[in-house]
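Spelled out, the chains give:
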Amino acid sequence: MKAIVIVPTYNEAEGILTMLDATLAAADVDILVVDDSSPDGTARLVTAHAEYRHRLHLLSRTRKEGLGAAYRAGFTWALAASYEAIVQMDADLSHPPARLPALLSALEDADVVVGSRYVRGGGVRDWPLSRRAISHGGNLYVRLVLRIPVHDATAGFKAFRREALERIGAVHSESNGYCFQIENTWRASRLGLRIAEVPITFTDRAVGTSKMTGDIVREAMLRVLTWRWRELANGGDVPAPGVPPGVSPGVSPREGRHDVAV
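Overview of the structure.

Definitions and cut-offs
- Residues numbered from 1 in each chain as written.
- Predicted model: local features only at pLDDT ≥ 70, side-chain atom pairs only at ≥ 80, totals over all residues.
- Heavy atoms only, no water.
- Helix = DSSP H or I, 4+ residues; strand = E, 2+ residues; numbered from the N terminus.
- Buried < 20%, exposed > 50% of the residue type's maximum accessible area, 1.4 Å probe, protein only.
- Expected span 1.5 Å × (residues − 1).
- Arc of directions from axis to C-beta.
- Core = buried A, V, L, I, M, F, W, Y, C linked by side-chain atoms within 4.5 Å.
- Contact = heavy atoms within 4.5 Å.
- Pairing = 2+ DSSP bridges.
- Salt bridge = Lys/Arg side-chain N within 4 Å of Asp/Glu carboxyl O.

Some details on the overall build of the protein
The secondary structure content of the protein amounts to eight helices and ten strands. For the protein, the proportion of its 262 residues judged to be buried stands at 53%.

Put into C-alpha cells, the structure is as follows:
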C-alpha cells in the first residue's frame with residue numbers, strides 16, 4: 001500500500017532531522033510534517049532536507065491549534081493525495097521508526113493498527129514511576145468507561161487504512177488534545193473495524209519539551225465521560241463526530257475483531 005507518515009510539529013527543531021532520517025530509512029514511506037508555525041525554525045529544517053518534495057512534504061499552518069487539529073489537517077491532505085495507508089507518529093522519537101514495518105505489515109489484515117506499550121513485548125523506557133501510574137490508570141479508565149478492547153487506548157502511534165479513516169470520520173473529530181487518540185480508537189471499535197496491536201517500546205523524549213499539560217488530561221477525562229453519555233443517550237448508537245445526543249444516530253456498536261500481535 002502507498003503509505004505516508006503524518007508528523008505534527010511545534011518547536012521540534014532539536015530533533016526533527018534525526019527523526020526524519022530514521023523514518024525514511026526504516027520503511028518505504030513518505031512523510032508529511034504538519035507544522036504549526038514553530039518559532040524555532042522547524043519548518044525551515046524540513047524544507048532544507050534532501051528528500052523535501054520527493055518523499056518528504058510540509059504542511060504549514062498559521063497558528064498552534066492543538067494535536068487533533070494538526071492531525072485532521074494532515075489526514076485531509078493524505079486522503080486527497082490518494083494514500084492507501086496513513087500512519088500517525090510523534091516527532092520526538094518516542095515512537096520507534098524501526099517499528100513502522102511491523103505496523104504496516106499488520107495493516108494487511110487489519111483496518112487500524114496500534115503501536116502498543118501494553119501488550120506482551122511492549123513497554124516504556126525512561127519514565128518515572130508517577131508517569132507510568134498515570135498512563136496505566138488513564139488507559140484503565142478509558143477501557144472501563146468506553147468499554148473498548150484495546151490495551152493502549154491512548155496510543156499515538158497508529159496506522160490506518162484510508163477506508164478506516166473515512167469511516168471513522170477522523171477529519172471531523174472533536175478533540176484537540178491527546179484525547180484525539182482515544183476518540184478515533186473508540187469510533188473504530190464501535191464500527192466493528194479490525195483493530196490490531198503490535199508491541200512497541202515507548203521512549204521518553206531526549207530533546208525538546210513535552211506538550212502534555214494538566215488541561216489536556218482533564219479534557220480527556222471529561223470527553224470520555226461525555227462520549228459515553230452521548231452514546232447511551234442515543235440508545236447505544238455512537239453519534240457521528242460533532243453531533244449532539246438525540247439529533248442523529250451514528251453507528252450501531254458491534255464487537256469488532258481485536259488482534260494482538262506478539
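Things to note about helix 5 (residues 129-146)
Over its 18 residues, helix 5 extends 26 Å from the first C-alpha to the last, a length consistent with the 26 Å expected when each residue adds 1.5 Å. Of the positions making up helix 5, those classed as buried are Ser135, Asn139, Val142, Val145 and Leu146. Down the axis of helix 5, the buried side of the element spans an arc of 145°, and every buried residue falls inside it. Seen from the open side of helix 5, the exposed residues pointing more than 90 degrees away from its buried face are Leu129, Ser130, Ala133 and Leu144. At the exit of helix 5 stands Arg147, carrying a positive phi of roughly 55°.

Some words on the nonpolar core
Counting 32 residues, the largest nonpolar core has Val5, Leu20, Ile31, Val46 and Val113 as its most contacted members. At the level of elements, strand 1 (3-9), helix 1 (16-26), strand 2 (30-35), helix 2 (42-47), strand 3 (56-60), strand 4 (85-88), helix 4 (100-106) and strand 8 (195-199) are the ones that each hand at least two residues to this core. Val5 has contacts with Thr23, Val29, Asp30, Ile31, Leu32, Val87, Met89 and Leu100, leaving out every residue within four places of it along the chain. The next biggest cluster of nonpolar side chains, apart from the first, holds 26 residues, and it includes Val34, Ala70, Val114 and Ile195.

Concerning the side chain of Ser38
Its place among the elements puts Ser38 in the loop between strand 2 and helix 2. Overall, Ser38 belongs to the buried group, its relative accessible area being 10%. The contacts of Ser38, once residues within four sequence positions are left out, are Thr9, Tyr10 and Asn11.

Points about the environment of Trp77
Counting through the fold element by element, Trp77 comes out in helix 3 (residues 67-80). As for Trp77 and Leu59, which are separated by 18 residues in sequence, their C-alpha atoms are 8.4 Å apart. Residues in contact with Trp77, not counting those within four places in the same chain, are Ile4, Leu32, His57, Leu59 and Tyr83.

Re helix 3
Helical geometry note: an α-helix holds 3.6 residues per turn, so side chains three or four residues apart project in the same direction. For helix 3, built from 14 residues, the straight-helix expectation of 20 Å at 1.5 Å per residue is met to within 8% by its first-to-last C-alpha distance of 20 Å. Among the 14 residues in helix 3, eleven count as buried, and that is most of the element. Buried within helix 3 we find Leu67, Gly68, Ala69, Ala70, Tyr71, Arg72, Ala73, Gly74, Phe75, Ala78 and Leu79. Ser82 occupies a position one or two residues after helix 3 and carries a positive phi of about 65°.

As for the pairing of strand 5 (residues 112-116)
The element strand 5 is largely enclosed, with a buried count of five among its five residues. Bridging between strand 5 and strand 7 (residues 158-161) involves three bridges; their strand directions are antiparallel. Bridge pairing links Val112 to Phe160 in strand 7. When strand 5 meets strand 8, the two strands line up parallel, connected through five bridges. Bridged to Gly115 within strand 8 is Val198.

Comments concerning the pattern of salt bridges
As enumerated under the stated definition, the model contains ten salt bridges in all. Arg61 serves as the salt-bridge partner of Glu65, at 2.7 Å between the closest nitrogen and oxygen. You can call Glu65 partly exposed: its relative accessible area is 33%. According to the relative accessible area criterion, Arg61 is buried, its value standing at 14%. Between Arg228 and Glu231 there is a salt bridge whose closest N-O contact spans 2.9 Å. Within this pair, Arg228 and its partner Glu231 are both found in helix 8 (residues 214-233), separated by three residues, close to a single helical turn. Put simply, Asp36, Arg61, Arg63 and Glu65 are held in one network by salt bridges that share partners.

Structural notes on unusual backbone geometry
The backbone of Asn11 sits at a positive phi, close to 60°, despite the residue not being glycine. In this structure, Asn11 sits in the loop between strand 1 and helix 1. Residue Asn11 is classed as partly exposed on the basis of its relative accessible area of 29%. Of note, Ser82 is a non-glycine position whose phi angle comes to about 65°, a positive value. By secondary structure assignment, the location of Ser82 is in the loop between helix 3 and strand 4. The exposure class assigned to Ser82 is partly exposed, which follows from its relative accessible area of 47%.

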